[in-house]
Every structure is written in C-alpha cells, then in structure tokens.
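# Descriptive structure summary
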Amino acid sequence: MLLSEMGGIRESYGSNEKDLALCQHFLFIGSRCEIGLGNRTKFYEELCQAQGYQPLKTGGMVTFVLEASGNRTLYDIKSEKVLLYASDHNYDYVTPVPHQPEYTFYTIHGVDTFTDYVELLARQWLEFVKMDRHSQ
C-alpha cells in the first residue's frame with residue numbers, strides 16, 4: 001500500500017545522524033527492493049562462518065532502504081521485524097543484534113516493525129518541516 005501511494009524516494013539527504021533518510025540511495029522504491037543482502041550475502045555468510053556465528057536467514061527479508069555506503073535496512077516478510085545491516089556506520093541509535101559478527105546486523109532504537117520504521121520516518125520529516133517553516 002505504501003509503495004502504491006508514494007512511489008519511493010531516490011537519493012535523499014539529511015542533516016541529523018539520527019535521520020532515517022540520511023544519505024540514502026533509495027527508500028521504498030519497489031523496483032529496487034530485493035530479497036536479502038544482495039551482493040553482500042556471501043561476505044556476510046563467510047564472516048559468520050569464520051567467527052563461529054549462525055547466519056540469519058536473510059532469504060525471508062526484503063531490503064527496502066539502501067544507503068549510499070551500501071548499508072541496508074531490511075524487514076522480515078513474515079514478522080515485519082526491521083534490521084539494519086551496516087558494515088560501515090557510526091550511529092548511536094542502533095544496538096548490535098546478539099550472536100552476530102560486529103558490523104553486521106543492528107536493531108534501530110524505537111523501531112521493531114516496518115510500520116514503526118515508516119512512522120518514525122514520518123515524525124522526523126514532520127519535525128524537519130516544522131523547523132524549516134519556523135526558520136523562514
């Protein structure tokens with residue numbers, strides 16, 4: 001329903017490191033979404049094997065946000081649980097997923113499901129619009 005109403009966002013920029021839209025290559029563009037980790041799957045699985053971790057089943061997840069650096073935000077198709085795969089980050093609003101290699105999977109504070117993600121992003125945009133309107 002979201003994709004049919006908004007069509008997605010390409011190349012977004014933000015001003016706050018906690019902004020979910022900060023430097024994203026795309027958000028919610030159906031034709032760009034993909035199952036799993038795409039070209040990072042093999043690296044992730046090899047990293048898990050080398051460090052003795054059980055890889056998450058990413059084949060049931062959809063990448064719906066891709067950051068310019070390659071970080072991905074995914075949701076599980078069945079549970080709608082959202083995870084961030086970030087091999088390159090300096091965020092203080094995420095928590096590593098237990099029993100996963102460092103610089104792989106994270107949860108986002110305040111976001112459990114896809115709906116939570118969309119609602120948090122909407123609140124961030126509303127705050128931005130309010131601040132921008134007041135600065136004029």
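Residues numbered from 1 in each chain as written. Predicted model: local features only at pLDDT ≥ 70, side-chain atom pairs only at ≥ 80, totals over all residues. Heavy atoms only, no water.

Here V82 shows up in strand β6 (residues 82-85). Expressed as a C-alpha distance, the spacing of V82 and F114, which sit 32 residues apart in the sequence, is 5.9 Å. Excluding anything up to four places from it in sequence, V82 contacts F64, T73, L74, Y75, I108, V111, D112, T113, F114 and Y117. (Helix = DSSP H or I, 4+ residues; strand = E, 2+ residues; numbered from the N terminus. Contact = heavy atoms within 4.5 Å.)

In this section: the pairing of β6. Taking every second residue as pointing to the same face, both faces of β6 are buried, with V82 and L84 on one and L83 and Y85 on the other. Adjacent in sequence and paired antiparallel, strand β5 (residues 72-76) and β6 are bridged by 5 residues, among which E80 carries a positive phi angle near 65 degrees. Relative to strand β8 (residues 105-108), β6 runs antiparallel, the two sharing 2 bridges. Directly across from Y85, in β8, lies its bridge partner F105. (Buried < 20%, exposed > 50% of the residue type's maximum accessible area, 1.4 Å probe, protein only. Pairing = 2+ DSSP bridges.)

Attention now goes to the packing of aromatic side chains. Counted by the stated rule, this structure contains 7 aromatic pairs. Considering the side-chain rings of F64 and F114, the 4.9 Å spacing of their centres and the 70 degrees angle between planes classify their relative orientation as edge-to-face. Of this pair, F64 sits in strand β4 (residues 61-67) while F114 sits in helix α3 (residues 114-135), placing them 50 residues apart in sequence. A residue is classified by how much of its surface remains accessible, and F64, at 2% relative accessible area, is buried. Relative to Y117, the ring of F64 lies with its centre 5.0 Å away and its plane at 85 degrees, an arrangement referred to as edge-to-face. Here the residue F64 occupies a position in strand β4, and Y117 occupies one in helix α3, the gap between them amounting to 53 residues. Since its relative accessible area comes to 1%, Y117 is described here as buried. An aromatic cluster of at least three residues, connected via ring pairs, comprises F64, Y75, F114 and Y117. (Phe/Tyr/Trp six-rings, centres within 6.5 Å; stacked < 30°, edge-to-face > 60°.)

Moving on to the pairing of β5. Of all 5 residues in β5, 4 are buried, a share of seventy percent or more. Adjacent in sequence and paired antiparallel, β4 and β5 are bridged by 4 residues, among which G70 carries a positive phi angle near 105 degrees. In this structure, β5 lies alongside β6, joined through 4 bridges in antiparallel fashion. The residue of β6 that forms the bridge with L74 is L83.

Turning our eyes to something else, we now look at the nonpolar core. The tendency in soluble globular proteins is for nonpolar side chains to be buried side by side. Ranked by internal contacts, the top residues of the largest apolar core, which has 15 residues, are F64, V82, L84, V94, I108, V111 and Y117. Looking at which element gives the most residues to this core, the answer is α3, with 4 residues. (Core = buried A, V, L, I, M, F, W, Y, C linked by side-chain atoms within 4.5 Å.)

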